[in-house]
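# An overview of the molecular structure
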Amino acid sequence: MTKRNLDERVAVVTGAASGIGRAIAQNLADKGCHLALVDVNEAGLEETRSTVARNDRRCTTHIADVSDKARMQALPDEVAAAHGQVHILVNNAGVSVGSFFADHSIEDAEWVIGVNLWGVVYGCKFFLPHLKQADWAQIVNISSLFGFFGMPGQACYSMTKAAVKALSEALWTELANTSVSVTSVHPGVIRVEMADKYGLDPDKVGRLVARAIERKQRRLIVGGDARAAHWFTRALPNGFHSMLTFAFRKANVTGMQS
Ligand SMILES: NC(=O)c1ccc[n+]([C@@H]2O[C@H](COP(=O)([O-])OP(=O)(O)OC[C@H]3O[C@@H](n4cnc5c(N)ncnc54)[C@H](O)[C@@H]3O)[C@@H](O)[C@H]2O)c1
């Protein structure tokens, strides 16, 4: 299959103010893309712009909360006004609450679902008419290894990431006769904070996402932990969860219901 050329393509990246979003923006800039960077964090967005912007390519910043329907509805026209068209949409913005389901508030659940799920739904829904106008276009939805199974202590997060995976998979077929392709991305643990001790460099995700867009790759699994989770949850759908329960009991994790 011939590789697609990303030079001069217009790419929208949400959650671009830090971590994986910034690394994706950097790699798409390296490929020659014009960028529309989206985030709630204005200072972080400016920092990303200052590190990724090239003199010979446009780079705009857009302050937007991806869980805000009206804001997301207005965003595609704003990007199109600045760039003329849209070819690539990376739904990357995401948040999590590390706590057992019974212990965190309903507002925490609403926040995680709002950003991780509604943010992706709004992105796909409202950008689709614009993407369909391009000769080719790509939606990239960032799920997680927790999209493959429900992780204890990350129930709502896992739920949103499984839903994002399902949305991407449904779109593979629904958009098969259009110019728009979809990639479902499942990173394992990625080291996004200076203090993080474990995980892969976010640049690796950025590089592989750019390559997945060039190749119209449907599923991208990044890291040995994510590949193992993908395999184990299919090979041992119940046994995998028994092992998790055993491990959490053994570690005497507080918050487990008796
Ligand atoms: N870091 C990991 O180990 C890992 C693993 C798998 C998947 N992911 C996923 O990768 C994506 C990026 O995460 P990251 O690790 O780079 O985290 P991060 O916190 O470094 O970046 C997330 C970005 O999203 C932005 N954001 C948060 N809420 C927003 C909102 N309502 N509207 C717009 N922007 C918002 C933040 O300001 C931030 O810039 C997320 O979807 C996350 O779930 C991360």
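Residues numbered from 1 in each chain as written. Predicted model: local features only at pLDDT ≥ 70, side-chain atom pairs only at ≥ 80, totals over all residues. Heavy atoms only, no water.

### Considerations on the confidence of the model for the chain
- Mean pLDDT over the chain works out to 96, with 98% of the residues at or above the 70 mark.
- Confidence, read as mean pLDDT per element, is least for helix 8 (residues 239-250) in the chain (96) and greatest for strand 4 (residues 88-91) (99). (pLDDT = per-residue confidence, 0-100. Helix = DSSP H or I, 4+ residues; strand = E, 2+ residues; numbered from the N terminus.)

### Thoughts on a nonpolar patch on the surface
- A cluster of nonpolar side chains, Trp-231, Phe-232, Leu-236 and Met-243, forms an exposed patch at the surface whose accessible area comes to about 400 Å².
- Looking at where Leu-236 falls in the secondary structure, it is placed in the loop between helix 7 (224-235) and helix 8. (Patch = residues over 30% accessible without salt bridge, like charges linked within 9 Å, V, L, I, M, F, W, Y side chains within 5 Å. Areas by Shrake-Rupley, 256 points an atom, 1.4 Å probe, with all protein chains shown as cover. Salt bridge = Lys/Arg side-chain N within 4 Å of Asp/Glu carboxyl O.)

### So, the environment of Gly-206
- Summarising the element assignment, Gly-206 is placed in helix 6 (residues 202-215).
- Using a relative accessible area of 1% as the deciding quantity, one classes Gly-206 as buried.
- Measuring from C-alpha to C-alpha, the distance between Gly-206 and Asn-27 comes to 5.7 Å, with 179 residues separating the pair along the chain.
- The residues contacting Gly-206, other than those within four sequence positions of it, are Ala-23, Ile-24 and Asn-27. (Buried < 20%, exposed > 50% of the residue type's maximum accessible area, 1.4 Å probe, protein only. Contact = heavy atoms within 4.5 Å.)

### What to know about the pattern of salt bridges
- Applying the stated criterion across every chain yields a total of 13 salt bridges.
- The partner of Glu-47 in a salt bridge is Arg-22, with the nearest N and O atoms 3.5 Å apart. With Glu-47 in helix 2 (residues 42-52) and Arg-22 in helix 1 (residues 19-30), the pair connects residues that are 25 residues apart, well separated along the chain.
- For Glu-214, the salt bridge identified is with Lys-31, shortest N-O distance 3.0 Å. Highlighted residues: Glu-214 in helix 6 and Lys-31 in the loop between helix 1 and strand 2 (34-39), separated in sequence by 183 residues.
- Residue Lys-31 is classed as partly exposed on the basis of its relative accessible area of 35%.
- Overlapping salt bridges bring together Asp-7, Glu-8, Arg-54, Asp-56 and Arg-57 as one network.

### As for the site of the ligand
- Around the ligand there are 26 residues in total, and Ile-20, Asp-39, Asn-92, Tyr-157 and Ile-190 lie nearest to it.
- Lys-161 is positioned with one of its side-chain polar atoms (N or O) 2.9 Å from an oxygen atom of the ligand.
- Protein contact buries 84% of the 820 Å² of open area that the ligand shows by itself.
- Listing elements by their share of the shell around the ligand, those giving two or more residues are helix 1 and helix 5 (155-174). (Near = heavy atom within 4 Å. Polar contact = N/O pair within 3.5 Å; in protein donor to acceptor, adjacent residues only side chain to side chain.)

### Focus on the pairing of strand 3 (residues 59-63)
- One ladder, built from five bridges, connects strand 2 with strand 3; its direction is parallel. Pairing of Ala-36 across the sheet is with Thr-60, part of strand 3.
- Assessed by its sense of winding, the connection that carries the chain from strand 2 through helix 2 to strand 3 is right-handed. (Pairing = 2+ DSSP bridges. Right-handed = clockwise from strand over helix to strand, strands pointing away.)

### Some points on the nonpolar core
- Counting residues in hydrophobic clusters, the biggest one holds 33 residues, and the most contacted among them are Val-12, Val-79, Phe-127, Leu-131, Ile-139 and Val-180.
- Sorting the residues of this core by element identifies strand 2, helix 3 (69-83), helix 4 (106-132), strand 5 (137-142), helix 5 and strand 6 (180-187) as the ones contributing at least two each.
- The element that contributes the greatest number of residues to this core is helix 4, accounting for 10 residues.
- When neighbours within four sequence positions are excluded, Phe-127 is seen to be in contact with Val-12, Leu-75, Pro-76, Val-79, Val-86, Leu-89 and Tyr-122. (Core = buried A, V, L, I, M, F, W, Y, C linked by side-chain atoms within 4.5 Å.)

### Brief notes about the sheet that holds strand 6
- The parallel open sheet is built from seven strands, whose spatial order is 3-2-1-4-5-6-7. Since the sheet does not close on itself, it has two edges, and those belong to strand 3 and strand 7 (219-222), each with one partner. Neighbour to neighbour, the strand axes of the sheet diverge by 15 degrees on average, direction disregarded.
- Here four bridges tie strand 4 to strand 5, and the two strands are oriented parallel to one another. For Leu-89, the partnering residue across the bridge sits in strand 5 and is Ile-139. (Axes fitted to C-alpha atoms, helices over the stretch in contact; angles between N-to-C directions.)

### Overview of helix 8
- Taking 1.5 Å per residue as the helical rise, helix 8 with its 12 residues ought to reach 16 Å, and the 16 Å between its terminal C-alpha atoms agrees with that figure.
- When we look at burial in helix 8, the residues that qualify are Phe-240, Leu-244 and Phe-248. All buried residues of helix 8 project into a common sector of 70 degrees when viewed along the axis, lining one side. Away from its buried face, by an angle of more than 90 degrees, helix 8 presents the exposed residues Phe-246, Arg-249 and Lys-250.
- Once helix 8 finishes, Asn-252 follows within two positions and takes phi at roughly 55 degrees, a positive value. (Expected span 1.5 Å × (residues − 1). Arc of directions from axis to C-beta.)

### Re the packing of helix 1 against helix 6
- Following both chains from N to C, one finds helix 1 and helix 6 inclined at 50 degrees, their axes separated by 8 Å at the closest point. Judged by the angle between their axes, helix 1 and helix 6 are oblique. You can see that helix 1 and helix 6 cross each other, and the crossing is right-handed. Touching Gly-19, Ile-20, Ala-23, Ile-24, Asn-27 and Leu-28 of helix 1 are Pro-202, Asp-203, Val-205, Gly-206, Arg-207, Val-209, Ala-210 and Ile-213, all from helix 6.
- In the contact of helix 1 with helix 6, the residues fall into nine nonpolar, three polar and two charged. (Parallel < 35°, antiparallel > 145°, perpendicular 65-115°, else oblique. Left-handed = near helix turned anticlockwise from the far one by under 90°. Nonpolar A, V, L, I, M, F, W, Y, C, P; charged D, E, K, R; others polar.)

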